[in-house]
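# What the coordinates show
Chain by chain, the residues run as shown.
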Amino acid sequence: MESLFLTNLASPPLLFFFLGAAAALLRSDLEIPAQVAKFLSLYLLFAIGFKGGVALSESTLDASVISVLAAAVGLACVVPVYAFYLLRLKLGAPDAAAIAATYGSISAVTFVTGTSYVDTQGLPWNGYLVAAMALMESPAIVIGILLYRLHGGQAGVATVAHGDGGDGRVDWGSLGREAFLNGSVFLILGSMLVGWFTGSAGMDQVKSVVKDPFIGLLCLFLLDMGIVAARRLGQLSRSAGAAGGQLPFLLGFALLVPLANAVLGALIGWQLGLGEGDALLLTILAASASYIAVPAAMRLALPEANPSLYLPMSLAVTFPFNLLIGIPLYHQLVIWLLSP
Amino acid sequence: MESLFLTNLASPPLLFFFLGAAAALLRSDLEIPAQVAKFLSLYLLFAIGFKGGVALSESTLDASVISVLAAAVGLACVVPVYAFYLLRLKLGAPDAAAIAATYGSISAVTFVTGTSYVDTQGLPWNGYLVAAMALMESPAIVIGILLYRLHGGQAGVATVAHGDGGDGRVDWGSLGREAFLNGSVFLILGSMLVGWFTGSAGMDQVKSVVKDPFIGLLCLFLLDMGIVAARRLGQLSRSAGAAGGQLPFLLGFALLVPLANAVLGALIGWQLGLGEGDALLLTILAASASYIAVPAAMRLALPEANPSLYLPMSLAVTFPFNLLIGIPLYHQLVIWLLSP
Amino acid sequence: MESLFLTNLASPPLLFFFLGAAAALLRSDLEIPAQVAKFLSLYLLFAIGFKGGVALSESTLDASVISVLAAAVGLACVVPVYAFYLLRLKLGAPDAAAIAATYGSISAVTFVTGTSYVDTQGLPWNGYLVAAMALMESPAIVIGILLYRLHGGQAGVATVAHGDGGDGRVDWGSLGREAFLNGSVFLILGSMLVGWFTGSAGMDQVKSVVKDPFIGLLCLFLLDMGIVAARRLGQLSRSAGAAGGQLPFLLGFALLVPLANAVLGALIGWQLGLGEGDALLLTILAASASYIAVPAAMRLALPEANPSLYLPMSLAVTFPFNLLIGIPLYHQLVIWLLSP
Amino acid sequence: MKPCKRIEIVIEQTLERRLAERLDELGAPGYSVIHGVSGRGDRGLREADEVTGTFTNCIFLIACNDDAVVTRLVEGVRPILSRAGGICLVSEALWLRH
Amino acid sequence: MKPCKRIEIVIEQTLERRLAERLDELGAPGYSVIHGVSGRGDRGLREADEVTGTFTNCIFLIACNDDAVVTRLVEGVRPILSRAGGICLVSEALWLRH
Amino acid sequence: MKPCKRIEIVIEQTLERRLAERLDELGAPGYSVIHGVSGRGDRGLREADEVTGTFTNCIFLIACNDDAVVTRLVEGVRPILSRAGGICLVSEALWLRH
Ligand SMILES: Nc1ncnc2c1ncn2[C@@H]1O[C@H](COP(=O)(O)O)[C@@H](O)[C@H]1O
Ligand SMILES: Nc1ncnc2c1ncn2[C@@H]1O[C@H](COP(=O)(O)O)[C@@H](O)[C@H]1O
Ligand SMILES: Nc1ncnc2c1ncn2[C@@H]1O[C@H](COP(=O)(O)O)[C@@H](O)[C@H]1O
Ligand code: NA
Ligand code: NA
Ligand code: NA
C-alpha cells in the first residue's frame, strides 16, 4: 500500500501542483497567464473527451455499460441531497445548496489526473467512464437549485433570486443552459461525440495533440491550479470565520464527504463487477468535487451563495486531498473490495 | 463521389468546426480565449509556411513553377475586378470594393484544411502551392482599393477616406504596408523563407511543432472559428437587411462566386498540367475567401465599408460551404477534368 | 571557424528572431499575443529546468560539480562589481547599478538557445549547468542594490528608494523575494527539483512536452523577442541621447562586456577541466545578460533606474549579438582553449 | 458635444452576459466591456486568476444622454449588484457627436 | 493637483495604431490604451472574439490640461470616428502633479 | 446614490502588487485593476508587448466617498508615481448604494 502512495508522489503532475502551491505561499510572482490557463483547461477536456469517444467507438455498448452510466447518474443525484441536509445543520440554504451541488458533481481534472495514475499503474480502463464523467457533471446543479427552492426560496433576498425579475420563479430555460450547455460540459460531450464518430482513424490524425503531450500539459495546468488553490485557502478561512466560525465544519465536510462518496463509488463499482481500473476511476469520480463547471453555473443560478466557501473547499481542500492521498487510498480500497 | 463527401465529413477538423457552431447556436458559453485563438492562427500560418518552404527547397524552381505562381497571381487580380462590377449592381462602392477584395484574396485556413484533406486522401502535393497562397493574399487588397477610387472616390464621405487627411488622396505607403506587410502575409512569407533556407535539416529540428500537432491544433482553431462564424451569421442577416434587403443577393454571391472561382482555378490547374493534389489545392485557393488578412486591411484602408457584410459572408457562409461541400466537390471536379 | 557561423546562421530559432526584428522594423502588425508570449517564456524555463533536473538525477554530484557551481556563482558576484564601477564613469548610481545587475545575471533564453546549438553540434553537456544557470540569476540583483546603497543611497530621490517608506532603509524581505522568488527563478529551480526527483521515469511521461517541441516553440518565442528587441532599439538611442549622449558608451558596453565575461567564463571552464559542451555553455552564461528576471526585479527594487537603458541594452544589443556572433565565437574560443 | 452620463459598473465576469442582456432590455444606447479586471471590495480579493471567471471582474462603461434611461438603468442593475456584488458609479461627461 | 480634461475614446482595435499616431501629431501629452474591449453600439454587437480585431474595441484614455489641445484632439479624432465608428467622451478631472 | 471621488492611477504592471498593498495600508475601501494597458507618457512609448511587465501598464480605479481617505490615498501614491512614473486623476462621481 505504501508503494501506491510513493508512486503517486513521484508523479510530475502532482509535484507541479505542490510547486505552484509553494510559489503562492512564498508569495512568488509566478503565474500562468489567465487566458492560457483557461485554454489548458479546455485542452484537457477536449483531449479526455476525444480519447473517451474513440475508446467508446471500439467497445460495444451493452447492458453493462448502460448500468454503469445509470449508476453514475444516480450517484450524482443522491449525493447532493444528503450533502444538502448535512450542510443545512450549519449553513443557510444558498450556501448549503451551492456546496451540495459542488460535491454532487465531479471534477474533470481530478478524473484526468486519475487516468494518468491508472495508466502509470498499467491498469486498463474503458472509454465509457468518460461518458460517465460527462453525465455526472450537470445533475447536481439542477438538484442543488431545486433543493434551494424547496427550502429557502420563500425568504428575503431569495425572492428575487432567479431571472432577476423579482418574481421568485425559476427560469428553467437559463438554468438548463447553465447546467447542460456549460462550456466545459459541452466540450467534453462534443469531443466525445467527435472521437466516437471518427474512431481510431480520427485518433491517428490528432493523437500527437490529444495523447502525447497530455501529461506534460497537465503538469503546467496543475502548476497554475496549485497557485490558485493556495491563494484561495486563506480566503476560505476568512469567509468561514465571517460566516460564524464554520471553518472546522467546512474542512471536515471537504475531507470526509469525499471519503464517504468514494466508498459509495467503490461499492457500486464492485457490485457492477467492474475491473480494477474502471472501478478506481468511478470511485475517483464519486469522491471528486467540481471547481470549474459548477462554480460558473452557481454564480448565475445562485448568486447569493458565497463563492469564497464552495470554490476553496473543492479547489483548495478536496482537490489536493484527492490528488495526494485520495487516489492511492481509493486504489487500495478498490483492490481490497475486488480481491476474491 | 459520395465517398469523398463522407471521408470529408469524418474528418475531426470539420466536425470541430460544426461543434463550435452548435455551441454558439445553443448559446453555450464555450469560448477559446481571444489571445490563444490569435496564437493558433499564427501557428497555422507559421507551420504551413515552414512546410511549404522546406518542400520548395527540395524541388527545383523551373519554368512550370513560375507559370503556376504567375497564373495564381493573375487569378487573384482578375477575380476582384469581375466581383466588384457584379456587386455594384446592388451595393455602394465601399462595400462592393471590400467584398471584391475579400473574394479575390484567399483563406489560409481553408488552404490548410485542404492540405489536411489532400494528405488524408494520400495525394502528393508541391510546396510551391504555399508560395502561390502567399502571393495570392495581397493583390486583391490593392485592386479593391483602386476600383473603389475609380468608382466612388469622388463622393461624400469618401473624400476623407485615405490618410484621414480629408484631401482625397490614396496614401500608397500605408496601403502597401497593409497589403504586403500585414501580419499574416508576412508570417507565411517569412516562415516559408526560413523553411526554404534551413531545408530538411531545419525541418528535423521543428517537425514536432510544425508537423505532428498540426491537425489537432487545427481542430481547436476550427472549434473557435465555428463559434465565431455562427455568431456572425445573425449579424449578416441584420446588416444585409439594413442595407436594403440584400441578404438573398449576398448569400447567392457567397455561394456561387466561390464555385465560379473554383472552376477557373481547376481549369488553370488542368491547363498547366498539374497533378491531382496540386490542382485541387489551386482550386481550393481560388474558391476561398479571406477572413483574416483582408478584413484587417480593409478596416484601415476602407473603414466606410461595413465589416458586418464582408466578414460574415466569407467566414460564416463561404468558409463552412467550402469545408463541408466545396472541398470534396472540387476534388470531384478535378478528378473529372484530369481524367484522360 | 567560418562553418560554425554558418551552421549557427542556418538554425531556425536564430532566423525567426531576425524575422521578428524585420517585421518590427518594417512596421508590420505581426505580434504574438502578450499572454501567449509570457507562457512561452514560462514553458522554456519549465522545460529546461526539468531537463536539467533529470540530467542531474543521472549524474553523480561530486566535488567537481560543486566547484563548477561555486565558480558560476562567484562569476555572477564579481561581474556586477566591476561593471558598476565601469558604468559609474558615465552614469548615475541607479542606472549603473541596474545595468551592472543586468550583466551580472544571465539570460535563460540565451542559455536555452545555446543548448540547442550545442545539441545541433552533437556535443554532450551536463545537467548541472542548468543548476549553474539557476544559481547565477539572483546574486547580481542583490549585489547591484548593495552597490547602489553604498554609492548613491544618500542623495535626493534615493532616500525614499526602498519600501517607499521614505526612511531610506533597504527592505531586505522584499528584496530577497524579488531576487530569489522571482517567478522565472522559482520556475527553473522548481522544475529542476521535480525533474531531479522523478528522474527518467518522469521524463518518459512528459518528454513530448519538455523535449520534442522545444526548438519549435523556441522559434515562436524568438520571433516575438525579435519584434520586441527591434522596437526597443529606437528607445535605447532616444533614452541614451536624453541621458547625455551616452549611446556610444552604452553600445560599447553592451558588446564588449559580454566578450570580456565570455573570456572569464571560458577560462574558468578550461581551468576546471570541463568538456567542450559544458565549457561552451558556461561561457555563454557568463556572456549573457538578463532581460527577464532582472528587469522585473529592478523595477521593484530600483524604480529610479531607467528601464529604457538596461532593457534594450540586454535585449536588443547583447542578446542578438550573442545569438548571431557570440555563440559560434565562444565556441571557437573554447575549442582553442581546450585543444591540447 | 452634448452632455451625458457615464455609468461604470464593476461586476463579476460570469455575469457579463446577463448584465448585457439586462442593459439591452432597459434601453441602454450602447456599452463597452473591459475584461480580465481584478480587484478588492466587500467580498475580499478577486485576483482574476482562475478559469471559471468567478474571481474575475469586468467593467461596463455606458454613455447615456437621456436622464430617464439613466435612472432606469441604475435602478435596473441595482438588484443584480445587491445580490451578486460589484459597484456602480455615475459621472458627468460630454459626448462628441460625430 | 491641477484641473484637466479626461478624454475617453472607444474605437476599433484595428485602428489603434492609426489613432495613436494621430494623437501624437495633434500634440496629446500622453495616452493609455485598454485592449480586448467588447461592446455594443450603432453598428451592433462587437464580441472581441475574433482574430483580426475587426470585432474588438480598445479604449484610449487621454489626460490633457491644455484646453486648446483638448479642442484640437477632439476635432482631430472626429473624422476617424465618423468614418469608422466608436465614441468619444470628455469629462473633468484633477491631475496629480508628482 | 452618494457623492464620491473616482481615483484613476496608471502605473507600471510590475508595481501592481506594491500599489495594491499601499492602498490597503492607506485604507482604500476597494479598488479595481485593469491589465495589459499600453500607453505613452513622459518616459516614452510602452507597448505592453513584453514578458516582464516592464513596458506594460495597469489602471487602478478607486471609488472613495471619504474625502480624508481620498487625500491620504493621493498623498500616499504620490511618491510611488514620482519615482516610478505614471499618472493619477481624480474626478467626481455618484456611487450607487445597493
Ligand atoms: N471602492 C471601490 N473602488 C473600485 N472598485 C471597487 C470598489 N469596491 C469594489 N470594487 C470592485 O468591485 C468588485 C466587487 O466588489 P464587492 O462586491 O464589494 O466585493 C471588487 O472586486 C472590485 O473590483
Ligand atoms: N453609448 C455607449 N456607451 C458606451 N460605449 C459605447 C456606446 N456606444 C458605442 N459604444 C462603444 O463603441 C463601439 C463602437 O460603437 P458604434 O460605432 O456605435 O457601433 C461599441 O462596440 C461600444 O464598445
Ligand atoms: N496624459 C496622459 N493621459 C493618459 N495616460 C497617460 C498620460 N501620460 C502618461 N500616461 C500613462 O502613464 C504611463 C506612464 O507615464 P509616464 O511615466 O509619463 O511615462 C504611460 O505609459 C501612459 O499609459
Ligand atoms: Na462527486
Ligand atoms: Na479567392
Ligand atoms: Na552574465
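Parameters at a glance
Residues numbered from 1 in each chain as written. Chains lettered and ligands numbered in written order. Predicted model: local features only at pLDDT ≥ 70, side-chain atom pairs only at ≥ 80, totals over all residues. Heavy atoms only, no water. Buried < 20%, exposed > 50% of the residue type's maximum accessible area, 1.4 Å probe, protein only. Helix = DSSP H or I, 4+ residues; strand = E, 2+ residues; numbered from the N terminus. Pairing = 2+ DSSP bridges. Least-squares fit on C-alpha atoms with pLDDT ≥ 70 in both. Contact = heavy atoms within 4.5 Å. Buried area = accessible area lost by both parts, 1.4 Å probe. Salt bridge = Lys/Arg side-chain N within 4 Å of Asp/Glu carboxyl O. Polar contact = N/O pair within 3.5 Å; in protein donor to acceptor, adjacent residues only side chain to side chain. Nonpolar A, V, L, I, M, F, W, Y, C, P; charged D, E, K, R; others polar.

## Details of the pairing of strand E4 (residues 57–64) of chain E
All names here are of chain E. Within E4, eight of the eight residues are buried, which leaves the element mostly enclosed by the surrounding structure. What you see with E4 is no split at all: Asn-57, Ile-59, Leu-61 and Ala-63 on one side and Cys-58, Phe-60, Ile-62 and Cys-64 on the other are buried throughout. As paired elements, strand E1 (residues 2–12) and E4 share eight bridges and run antiparallel to each other. Note that in E4 the partner of Val-10 across the bridge is Ile-59. Pairing analysis gives four bridges linking strand E2 (residues 31–41) to E4, with the strands arranged antiparallel. Opposite Ser-32, over in E4, you have Leu-61 as the bridge partner.

## Thoughts on the relation of the copies chain C and chain A
Of the transformation superimposing chain C on chain A, the axial component is 0.0 Å and the angular component is 120 degrees, with the fit at an RMSD of 0.0 Å. Between the two chains, the operation in question is that of a three-fold axis. The share of interface residues of chain C whose copies in chain A are also at the interface is only 9%, consistent with the copies meeting through different surfaces.

## A short note on the interface of chain F and chain C
Between chain F and chain C, the residue contacts involve 19 residues of the former and 31 residues of the latter. Both faces combined, the contact of chain F with chain C buries some 2,100 Å², and carbon together with sulfur accounts for 48% of it. If you sort the residues of chain F by the area they bury against chain C, Arg18(F), Val51(F) and Arg83(F) come out on top, with a joint share of 37%. The residue Arg232(C) makes a salt bridge to Asp49(F) at a minimum N-O spacing of 2.4 Å. Counting the contacts that link chain F with chain C gives seven residue pairs in polar contact (both at pLDDT 80 or more). Taken together, the elements giving at least two residues each to the side of chain F that touches chain C come down to helix H1 (16–25) and helix H2 (67–84) of chain F. Counted by class, the side of chain F that touches chain C contains seven nonpolar, three polar and nine charged residues.

## So, the interface of chain C and chain A
Listed by partner, the interface residues are 23 residues for chain C and 30 residues for chain A. Considering only the side of chain C, the residues that lose the most area to chain A are Phe39(C), Phe186(C) and Gln205(C), jointly responsible for 27% of the buried surface there. Counting every contact that joins chain C to chain A gives zero salt bridges. Elements supplying a minimum of two residues to the side of chain C that touches chain A: helix H3 (34–58) and helix H10 (183–210) of chain C. The dominant element in the side of chain C that touches chain A, judged by the number of residues it contributes, is H10(C), at 13 residues. In terms of residue class, the side of chain C that touches chain A is made up of twelve nonpolar, nine polar and two charged.

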